[in-house]
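Below, each chain spelled out in residue letters.
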Amino acid sequence: MPVLFDPAEQGKLSLDTPQAPWIDVGWIQGFTRKPGSKTSPVLTGIPAGTLEQVRETLEAQVSFQFLNWTKLTMALATGSQHMNLLVPASSAAAAADGAQAAPAVIPQSGSSAIFIALAATDAATFAPGSIIALDADYTGQTGFVGAPVAGAYVRQALTDVDYIRRVTFNVGLVSQVNSTGITLAEPLPGGIPAAGAKLQAVTGFVDREGGSFYQEWSALFVMQGSQGERIFFYYPRLQAMASAEEEVVPLDDKHEAGQSRVLLKGKFLALPVTDPLDGERVLCYRSFLPAPMALV
Amino acid sequence: MQNAKDSFYMALRTRLATINPERTVLLRGTVRPGILVEEAEAPFSQPPSDVFILRWLGLAVDMDLGSTMVAEECEIAYQTCGTQSYGGLDRGWALSEMDEELVAMLKPFYAPKLNYTATPPAAMLTQVFWDEPALGPIVVQRDRLNRSAKVMVYSYQEQGE
């Protein structure tokens, strides 16, 4: 289900801490919109002249570069499934997307979105700076798996009990540890741990060139002017249409051989939704909130 | 930003003490590794020879990131007249030695960022990192050979900085 954005009600949202379920993914650059919709003339008369136009196809593309590497930006920018690298069990056989994981631990009652209560022995296995993934055990189901958004589509039953935690987006950074549990730097995207959810440590993230899974997102791009005006581009449905790609740019333009920044390039296809206002099928909503007291 | 400058200087100073323990300077009654920060010492009419002098120049800030990135340009100047025992005829050799020490001091191009206002210095969460040095040409000043190198030093601003 696309996430709704109402510029009239939510136009003043904080860009650093937007209202749930929106998540700030940071700054981007090179934002480019490429309309692909085709129109055709309806001709009449001799010689033929255009009586009116009809929209033949509906298509739009968006491309840009993320300045930050995070789980979300990496997952958004790639056209394939994105996974967590779970901390491996000791002596586990190597695997390209992470070896068999160390056993998961069970959150205790009293957990919240930002504090995970654990048995003292389990808490001691984490340290400030650890990354955790929290989700249910995989029990042989097929279809979409992962919370709060699906991280994969399972076509046939698998054997890895940790598979859902490998693909989940319910991850967080540990900021404090004590004998009663762990405190996270930010609340878990999935909120309070669901019954049956378990916790594993994560060392990093991995995606693959190829695969058949397409992640779909609702996106809101904001351009803020110096006088407080805002331009919003709201895409209810976006799917990555290119495989993972990076761009390396020097930090210092005058020293191109020096330190560089690696940008994540993303190219997306907008998919249509039906506007309940009048039943029209649309790809993007562009809205403008003028600066205070600016003439309109 | 001061933590990054302090950390860069202390990293180079620690490395120099290992690379060439004999390169020292007597400053305010104390013998120290032969590297100093110009802005942290009393002004000198003639910079000391056979010592690396760090001079902070430009500053740039990139605020479009999750953490603000700061870039500070550091000039590392050094000069030598050679040694008295060779009548200064070894000044080219002495400058080459300092060139090599400078390049060795800068590797690896990163160091932990510490807060030196705390005792003992407190480790911070990020690292200071820098570019390869851009070495300038030799400048001859009578019997003195001078060179300077410019290095762009990067760091991320942490909470409380």
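Keep in mind it's a predicted model, so treat the numbers as computed, not measured. (Residues numbered from 1 in each chain as written. Chains lettered and ligands numbered in written order. Predicted model: local features only at pLDDT ≥ 70, side-chain atom pairs only at ≥ 80, totals over all residues. Heavy atoms only, no water.)

**Some thoughts on the overall build of chain A**
Put simply, the rule reads: Secondary structure elements are defined from DSSP: runs of H or I of at least 4 residues count as helices, runs of E of at least 2 residues count as strands, and each element is numbered from the N terminus. Note on classification: 1.4 Å probe, protein chains only; a residue is buried when its accessible area is under 20% of the maximum for its type, exposed when over 50%, partly exposed between these limits. Contact between two residues is taken to exist if any of their heavy atoms lie within 4.5 Å; hydrogens are not considered. For the purpose of charge, His is not counted, nor are the chain termini; Lys and Arg are scored as positive and Asp and Glu as negative. Every charge is mapped to an atom, namely NZ of Lys, CZ of Arg, CG of Asp or CD of Glu.
Across its full length, chain A holds 4 helices and 19 strands. Within chain A, the proportion of its 296 residues that are buried is 36%. Taking as baseline every contact in chain A between residues at least 6 positions apart, the subset at least 24 positions apart corresponds to 64%. Each charge sign in chain A was given a centre, from 19 positive and 27 negative side chains, and these centres are 3 Å apart.

**So, the environment of A:Ile106**
Residues and elements named next belong to chain A. Note that Ile106 resides in the loop between β5 (82–86) and β6 (115–117). Note on Ile106: relative accessible area 48%, which makes it partly exposed. Beyond its immediate chain neighbours, meaning those up to four positions away, Ile106 contacts Ala117, Leu118, Asp122 and Lys198.

**Notes on unusual backbone geometry**
With an omega of -10°, the peptide bond running from A:Ile46 to A:Pro47 counts as cis. By secondary structure assignment, the location of A:Pro47 is in the loop between β2 (38–44) and β3 (49–57). Here the bond from B:Lys107 into B:Pro108 is cis, since omega is -5°, no more than 30 degrees from zero. Its place among the elements puts B:Pro108 in the loop between α2 (91–105) and β6 (110–115). The residue B:Arg28 is not glycine, and still its phi comes out positive at about 50°. Relative to the helices and strands, B:Arg28 is located in the loop between β1 (24–27) and β2 (30–33). A relative accessible area of 64% places B:Arg28 in the exposed class. For B:Arg142, which is not glycine, the phi dihedral falls at a positive 55°. Looking at the element boundaries, B:Arg142 is found in the loop between β9 (139–141) and β10 (144–156).

**With respect to the pattern of salt bridges**
Residues and elements named next belong to chain A. Threshold: Whenever Lys or Arg places a side-chain nitrogen within 4 Å of a carboxyl oxygen from Asp or Glu, that contact is recorded as a salt bridge.
Enumeration according to the criterion identifies 17 salt bridges over all chains in this entry. Lys265 is the salt-bridge partner of Glu245, the closest N and O atoms lying 3.6 Å from each other. With Glu245 in strand β15 (residues 245–250) and Lys265 in strand β16 (residues 260–270), the pair connects residues that are 20 residues apart, well separated along the chain. Note on Glu245: relative accessible area 40%, which makes it partly exposed.

**Focus on helix α1 (residues 2–19) of chain B**
Put simply, the test is: Expected helix span is computed as 1.5 Å times (number of residues minus one).
Taking 1.5 Å per residue as the helical rise, α1(B) with its 18 residues ought to reach 26 Å, and the 25 Å between its terminal C-alpha atoms agrees with that figure. Among all positions of α1(B), only B:Asn3, B:Ala4, B:Lys5, B:Ser7, B:Phe8, B:Tyr9, B:Ala11, B:Leu12, B:Arg15 and B:Leu16 are buried.

**Side note on the packing of aromatic side chains**
Each aromatic ring pair is summarised here by two numbers: the centre-to-centre distance and the angle between the ring planes. Residue and element names in this part refer to chain A. The condition that has to hold: Note on aromatic pairs: the rings of Phe, Tyr and Trp (six-membered ring only in Trp) are paired at centre separations within 6.5 Å, and the planes decide the class, stacked below 30 degrees, edge-to-face beyond 60, tilted for the rest. Only when the NZ of Lys or the CZ of Arg is both within 6 Å of the ring centre and within 35 degrees of the ring normal is a charge said to sit over the ring.
Counted by the stated rule, this structure contains 19 aromatic pairs over all chains. Look at Phe64 and Phe268: their rings are 5.3 Å apart centre to centre, the planes differ by 20°, and that puts the pair in the stacked class. Here Phe64 is found in strand β4 (residues 60–66), whereas its partner Phe268 is found in strand β16, with 204 residues between them in sequence. Given the relative accessible area of 2%, Phe268 is considered buried. Relative to Trp217, the ring of Phe169 lies with its centre 5.7 Å away and its plane at 85°, an arrangement referred to as edge-to-face. With Phe169 in the loop between α4 (163–167) and β10 (171–178) and Trp217 in strand β13 (residues 216–224), this residue pair connects regions lying 48 residues apart in the sequence. Judged by relative accessible area, which is 14%, Trp217 ranks as buried. Put simply, the rings of Phe31, Phe64, Phe66, Phe221, Phe233, Tyr235 and Phe268 touch in pairs and so form one group of aromatic residues. In this arrangement the basic side chain of Lys71 is found over the ring face of Phe169, its NZ or CZ atom lying 4.5 Å from the centre.

**Side note on the packing of α1(B) against α2(B)**
Residues and elements named next belong to chain B. The test is simple: Whenever a helix is involved, its axis is fitted only over the stretch in contact; in every case the axis is a line through C-alpha atoms, and angles between N-to-C directions fall within 0 to 180 degrees. Small angles under 35 degrees read as roughly parallel and large ones over 145 as roughly antiparallel, with 65 to 115 read as roughly perpendicular and the rest as oblique. Crossings are assigned a handedness: left-handed for a near helix turned anticlockwise from the far helix by less than a right angle, right-handed for a clockwise turn. Basically, the charged four are Asp, Glu, Lys and Arg, the nonpolar ten are Ala, Val, Leu, Ile, Met, Phe, Trp, Tyr, Cys and Pro, and anything else, Gly included, counts as polar.
One way to put it is that α1 packs onto α2 with a least axis distance of 9 Å and a crossing angle of 125°. Judged by the inter-axis angle, α1 sits oblique to α2. Viewed along their axes, α1 and α2 form a crossing whose handedness is right-handed. Of the residues in α2, those in contact with Leu12, Arg15, Leu16 and Ile19 of α1 are Glu101, Ala104 and Met105. Residue composition of the contact of α1 with α2, grouped by class: 5 nonpolar, no polar and 2 charged.

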